[in-house]
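# Architecture at a glance
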Amino acid sequence: MVIGLEEYLVVAAILFGIGLYIALSKRNAIAVLMGVELMLNSVNLTLVAFSRFSDTDVALSTQVFVMFIVATAAAEVAVGLALAMVVYRNRHTVSVDDIDLLKW
Amino acid sequence: MSDVGFHLAFWSLSAITIGAALMVVVSRNLIHAVVFLILSFIGVAGLYLTLSAEFIAVVQILIYVGAIAVLMLFAIMLTPRAGRDNSETGMRLPALVLMGLIIAAGTFIGLETDWGSMRGEAIDNQARIIGESLINEFVLPFEVAAVLLTAALVGAIALAREDPEDGSLHYASLLEEGLISPDEPSDAAPLSGTPGGGD
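Report on the accompanying structure. Predicted model only: the values in this text are computed from it and were never measured. Sequence order as written defines the numbering, with residues in each chain counted from 1. Whichever chain is written first is A, and whichever ligand is written first is 1; the rest continue in order. Selection of residues for local features in this predicted model requires a pLDDT of at least 70, selection of side-chain atom pairs for listing and counting requires 80 or more, and totals for whole chains, interfaces and linings are taken over all residues. Computation of side-chain values: all heavy atoms of the structure, hydrogens and water removed.

## Brief notes about the interface of chain A and chain B
Reports often express the size of an interface as the amount of accessible area lost when the parts come together. Applicable threshold: Only heavy atoms enter the contact rule, under which two residues are in contact if any of them lie within 4.5 Å. By convention, the term buried area covers the 1.4 Å-probe accessible surface removed from two parts as they join, with the contributions of both added. Salt bridge, as used here, is a side-chain nitrogen of Lys or Arg placed within 4 Å of a carboxyl oxygen of Asp or Glu. Strands here are runs of E lasting at least two residues and helices are runs of H or I lasting at least four, both read from the DSSP assignment and numbered beginning at the N terminus. In this count, Pro and Cys sit with the nonpolar residues alongside Ala, Val, Leu, Ile, Met, Phe, Trp and Tyr, while Asp, Glu, Lys and Arg are called charged and the others, Gly among them, polar.
The partner chain B presents 88 residues to the 72 residues of chain A that form the contact. Around 7,300 Å² of area is buried between chain A and chain B when both sides are counted, 75% of it from carbon and sulfur atoms. Across the contact surface, chain A and chain B share one salt bridge. It is helix α3 (residues 61-91) of chain A that contributes the most residues to the side of chain A that touches chain B, 23 residues altogether. The class makeup of the residues in the side of chain A that touches chain B is 50 nonpolar, 13 polar and nine charged.

## Quick notes on empty space enclosed by the protein
Spelled out, the test is: Whether a set of points on the 1 Å grid over the protein atoms alone is a cavity depends on a 1.4 Å probe fitting there but being unable to get out, while an open set qualifies as a pocket with protein on both sides within 12 Å along at least five of seven lines; lining residues are those with an atom within 4 Å of a point. Grid points are joined across faces, edges and corners, and a volume is the space filled by probe spheres set on the points.
Using the criterion set out here, one finds one cavity of 30 Å³ or more in the structure. Counted as a void, the largest cavity has a volume near 40 Å³. What lines the largest cavity is S51, R52, L60 and Q63 of chain A together with L51, A122, I123 and Q126 of chain B. Here the lining of the largest cavity is composed, by residue class, of four nonpolar, three polar and one charged.

## So, the pattern of salt bridges
Applied cut-off: Between buried and exposed lies partly exposed: a residue is buried under 20% and exposed over 50% of the maximum accessible area for its type, with that area taken using a 1.4 Å probe on protein chains only.
Here the structure, examined in full by the defined rule, presents five salt bridges over all chains. A salt bridge links E88 of chain B to R92 of chain B, with the shortest nitrogen-to-oxygen separation between them at 3.5 Å. Between R128 of chain B and E132 of chain B there is a salt bridge, and its shortest N-O distance comes to 3.5 Å. Of this pair, R128 of chain B and E132 of chain B both sit in helix α5 (residues 126-135), separated by four residues, roughly a single helical turn. Residue class for R128 of chain B comes out exposed when judged on its relative accessible area of 56%. Owing to a relative accessible area of 38%, E132 of chain B belongs among the partly exposed residues under this scheme. One continuous salt-bridge network, built from bridges that share partners, spans K26 of chain A together with R28, E88 and R92 of chain B.

## Description of α5 of chain B
Put simply, the rule reads: Think of the arc as the fan of directions from the helix axis to the C-beta atoms.
Within the span of α5 of chain B, buried status applies to Q126, I130, S133 and L134 of chain B. An end-on view of α5 of chain B places all buried positions within 105° of arc, on one side of the element. Exposed residues on α5 of chain B whose side chains face more than 90 degrees from its buried face are R128 and I135 of chain B. As for α5 of chain B, its buried residues are in contact with α3 of chain A together with α3 (54-77) and α6 (139-160) of chain B.

Shown next, in the form of structure tokens:
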């Protein structure tokens, strides 16, 4: 058996599913952010796999795209954790069940 | 691509990545969950290495393991009364169903699609090509990413910094937790105003 694109895609799909489960089901807002990071990682893994096996001359553009995703993820997690700190300071909780001010 | 070492690397790294991600789900302590998240990130970096993407692998280690995971640890440590347990909300069952559907759909698409011709050998000098394309054809997105990071930096500081005039808030929460007693002089005491006024 030869390890090819398909195996990496399956690993990335499983990783994305786990990240989605964490993001949707965890009570702590920081744990939700961890799930989002796992999902971003699985997407990056998919892109790098396509970059490795794509038979075109622009294959490495995918890796540039991955770098932009990493930069955006870093910005997102910095602002997200700052928001969690503000919510904690004002409401003494980061549980997504209790932060329901905008719920109707 | 079919030698034993490569197989061993791929399967063990996949097992580490997915196993650590599962441990993030099941571990009851949030600190342990972050440690397993770091392990999962390292596994993904190893998978990048098996894909001959050395530069992205190093970027993954530096940014995800070195910055994002540490930031998360800090955030957990700085929210002491929010609880360390890694429990689930009532959305557990729908999330489980959606996870199964996504994994099934992704696996099916990945295995059943005809991806066309595959490149046999990896590209050499990847870091050099990536660096050159970053300052040639991708120079505008590169600058936009720089602006985004600056904006995120300023935004995170503006959100997370404590208002100096509102220092009583921190003092009040320390009092509530019993970490300091009311008459004990403390660094966290407010510069002005009465303690316990905020919240």
